[in-house]
Amino acid sequence: TMFSWLSLGMEKLVVCLYKRPNALCRLICFPWAAGGTSALAQWGRLFSSSTEVYSLRFPGRESRLEEPFAKDMTSLVTEIITALLKDLQEKPFAFFGHSFGCYVCFAVALQLKEKYGLEPFHLFVSGAHAPNPEVLLQIKRIPAHDVTDEDIIKYVTTQEGTPSEFLQSEEIKKQLIETFREDLRLLQTFSFEKAERNIPLSCDITCFNGSEDKPYDLKAWPELTSGDISSYKLPGGHFYLLEPSNEIFLVKHITRCIENAGL
């Protein structure tokens, strides 16, 4: 039946370690390139009982290792919306996306708004540029095959989420490199042209970044929403969000935004 297929889609896609059926809202977390679900799924324990945290597992990783990677951004967005639609219609939701996950959650938010008139009440974005045609063009120009395995491993090892013993295993190393390249390729299939005078979203957007990370271009965000935009720099590099003290700050700040939304 359609229902069992949907709930299967949901089980594959969503990791929810701290189930809170009576929560007022959900925070849906989108991981970084080659990222798994564990770091963001653990946030569930840090939020109060009024917030349920979902961490998304994209095809080609963890328990979905045997599945082919998403063929392009559109098919990933479609999969996410199909599996989550019932939940998103049921109670208010916010998105948190880091790096690659930021572009995916923005693509999902656009599609939800356009097709279903649904929208997150807040978008939390981290370690990424505001998606505008120039930025996406620059990303498209990165020759994915020219990014060396060494560069990818360096990126992946800066994630506290990847234990070094993982990288002793050639097989896991190969898998991470492949997943990273696939995520980059996927990102390069994302195109977004803003219609004249049309501001697609109305939610507030908060941008978080690491103070030691490269600077990100955030100036397009005000054209993408009629809501308020705020930005915060936290100590650390690209994976600043994995530092326990930053994690506490993020959770407190996100909680305050949820309270202010007056759900």
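Data block above holds the structure.
Residues numbered from 1 in each chain as written. Predicted model: local features only at pLDDT ≥ 70, side-chain atom pairs only at ≥ 80, totals over all residues. Heavy atoms only, no water.

Structural notes on the overall build of the protein
- Per the secondary structure count, the protein includes ten helices and seven strands.
- Taken over C-alpha atoms, the radius of gyration comes to 17 Å for the protein, in line with the 18 Å a tight globule of 263 residues would show.
- For the protein, the C-alpha atoms occupy an extent of roughly 50 × 40 × 40 Å along the three principal directions.
- Burial status across the protein gives 52% buried among its 263 residues.
- Pairs at least 24 apart in sequence give 80% of the contacts found in the protein among residues at least 6 apart. (Helix = DSSP H or I, 4+ residues; strand = E, 2+ residues; numbered from the N terminus. Rg over C-alpha atoms; globule rule 2.2 N^0.38 Å. Buried < 20%, exposed > 50% of the residue type's maximum accessible area, 1.4 Å probe, protein only. Contact = heavy atoms within 4.5 Å.)

Examining the side chain of H129
- As for its position among the elements, H129 is in the loop between strand 5 (122-126) and helix 5 (133-140).
- Under the relative-accessibility criterion, H129 is labelled buried at 13%.
- Within the structure, H129 has its side chain in polar contact with the backbone nitrogen of D217 (distance 3.0 Å). (Polar contact = N/O pair within 3.5 Å; in protein donor to acceptor, adjacent residues only side chain to side chain.)

A word on the packing of helix 3 (residues 73-90) against helix 4 (residues 100-116)
- Viewed as axis vectors pointing N to C, helix 3 and helix 4 meet at an angle of 65 degrees, and their least axial separation amounts to 10 Å. The handedness of the crossing between helix 3 and helix 4 comes out as right-handed. Residues M73, L76, V77, I80, I81, L85 and L88 of helix 3 form the contact with helix 4, whose own contacting residues are Y103, V104, A107, V108, Q111, L112 and Y116.
- Its residues assigned to classes, the contact of helix 3 with helix 4 shows 13 nonpolar, one polar and no charged. (Axes fitted to C-alpha atoms, helices over the stretch in contact; angles between N-to-C directions. Left-handed = near helix turned anticlockwise from the far one by under 90°. Nonpolar A, V, L, I, M, F, W, Y, C, P; charged D, E, K, R; others polar.)

Some words on the pattern of salt bridges
- In this structure the tally under the stated criterion is 13 salt bridges.
- Its salt-bridge partner being R26, residue E90 comes within 2.8 Å of it at the nearest N-O pair. Of this pair, E90 sits in helix 3 while R26 sits in strand 2 (residues 25-30), and the two are 64 residues apart along the sequence.
- On the basis of relative accessibility, which here comes to 8%, the residue R26 falls in the buried class.
- Put simply, D149 and R181 hold a salt bridge, and the shortest N to O gap is 2.6 Å. Here the residue D149 occupies a position in helix 6 (residues 149-157), and R181 occupies one in helix 8 (residues 170-187), the gap between them amounting to 32 residues.
- Each member of the salt-bridge network shares a partner with another, and the members are K12, R64, E67 and E79. (Salt bridge = Lys/Arg side-chain N within 4 Å of Asp/Glu carboxyl O.)

Digging into the packing of aromatic side chains
- Across all of its chains, the model carries eleven aromatic pairs by this definition.
- Between F58 and F100, the ring centres sit 6.2 Å apart and the planes meet at 85 degrees, which makes this aromatic pair edge-to-face. With F58 in the loop between strand 3 (51-56) and helix 3 and F100 in helix 4, this residue pair connects regions lying 42 residues apart in the sequence.
- A relative accessible area of 3% means that F100 is categorised as buried. (Phe/Tyr/Trp six-rings, centres within 6.5 Å; stacked < 30°, edge-to-face > 60°.)

Quick notes on unusual backbone geometry
- Located in the positive-phi region is A34, a residue other than glycine, with phi close to 65 degrees.
- Within the fold, A34 resides in the loop between strand 2 and helix 2 (38-41).
- By relative accessible area, which is 10% here, A34 ends up buried.
- Phi angles above zero are rare outside glycine, and E62 is one such case at about 50 degrees.
- Along the chain, E62 turns up in the loop between strand 3 and helix 3.
- Take E62: its relative accessible area is 35%, and that puts it in the partly exposed class.

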